[in-house]
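# Structural overview for review
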Amino acid sequence: MAKLDRFWEKEQTKADVEVFILDEVHIRLPSPPFTTEEKKAVAGEVYAHVWQQAVSGEFAQAA
C-alpha cells in the first residue's frame, strides 16, 4: 500500500485497492462459517481502515 502514491485521489486506483482487499478477504476467510455478505462487510472495514491510514499519512511514516 505504501507504494501506491495517494491512491485515494484516483478513482481507478481506489477501485483497484477495494477489489484487491475483497479478493484477499474471500481467499482468507473460510466459507462456512463466513457468508459472502460477512466477507463484504469485513472487506469494507479493512478498506476504511486502509483509507484512513493512508489519508492520515500513516503509511508514509511506516515506509
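Attention here is on the structure that accompanies the text. Note that the coordinates shown come from a computational prediction; the quantities given were computed from them, not determined experimentally. Per chain, residues are indexed from 1 in the order of the written sequence. Only residues with pLDDT of 70 or above have their local features reported here, since the model is predicted, and side-chain atom pairs are shown and tallied only from 80 upward, although totals for entire chains, interfaces and linings are computed over all residues. In computing side-chain values, all of the structure's heavy atoms are included and hydrogens and water are not.

This brings us to the packing of helix α1 (residues 11-28) against helix α2 (residues 36-55). Across the interface, α1 lies against α2 with an axial gap of 9 Å and an inter-helix angle of 135°. It follows that α1 is oblique to α2 by the angle criterion. Crossing hand, α1 versus α2: right-handed. Contacts between α1 and α2 pair K14, V17, E18, I21, L22, V25 and H26 from the former with T36, K39, K40, V42, A43, V46, Y47 and V50 from the latter. Residues are grouped as follows: Ala, Val, Leu, Ile, Met, Phe, Trp, Tyr, Cys and Pro are nonpolar; Asp, Glu, Lys and Arg are charged; all remaining types, including Gly, are polar. Among the residues making up the contact of α1 with α2, the classes are represented as 9 nonpolar, 2 polar and 4 charged. Angular values range over 0 to 180 degrees, each being the angle between N-to-C directions of two axes fitted as lines to C-alpha atoms, with helices fitted over their stretch in contact. Only DSSP runs of H or I reaching four residues or more are called helices, and only runs of E reaching two or more are called strands; each is numbered from the N terminus. Put simply, angles under 35 degrees are roughly parallel, angles over 145 are roughly antiparallel, angles from 65 to 115 are roughly perpendicular, and the rest are oblique. Crossings are classed by handedness, with left-handed meaning an anticlockwise turn of the near helix from the far one by less than a right angle and right-handed meaning a clockwise turn. Between two residues, a contact is recorded if the distance between any of their heavy atoms is within 4.5 Å.

Our focus in this paragraph is unusual backbone geometry. Between S31 and the following residue, P32, the backbone shows a cis peptide bond with an omega angle of -20°. Structurally, the position occupied by P32 is in the loop between α1 and α2. The step from P32 to P33 runs through a cis peptide bond, and the omega angle for that step is 15°. Examined against the element boundaries, P33 turns out to sit in the loop between α1 and α2.

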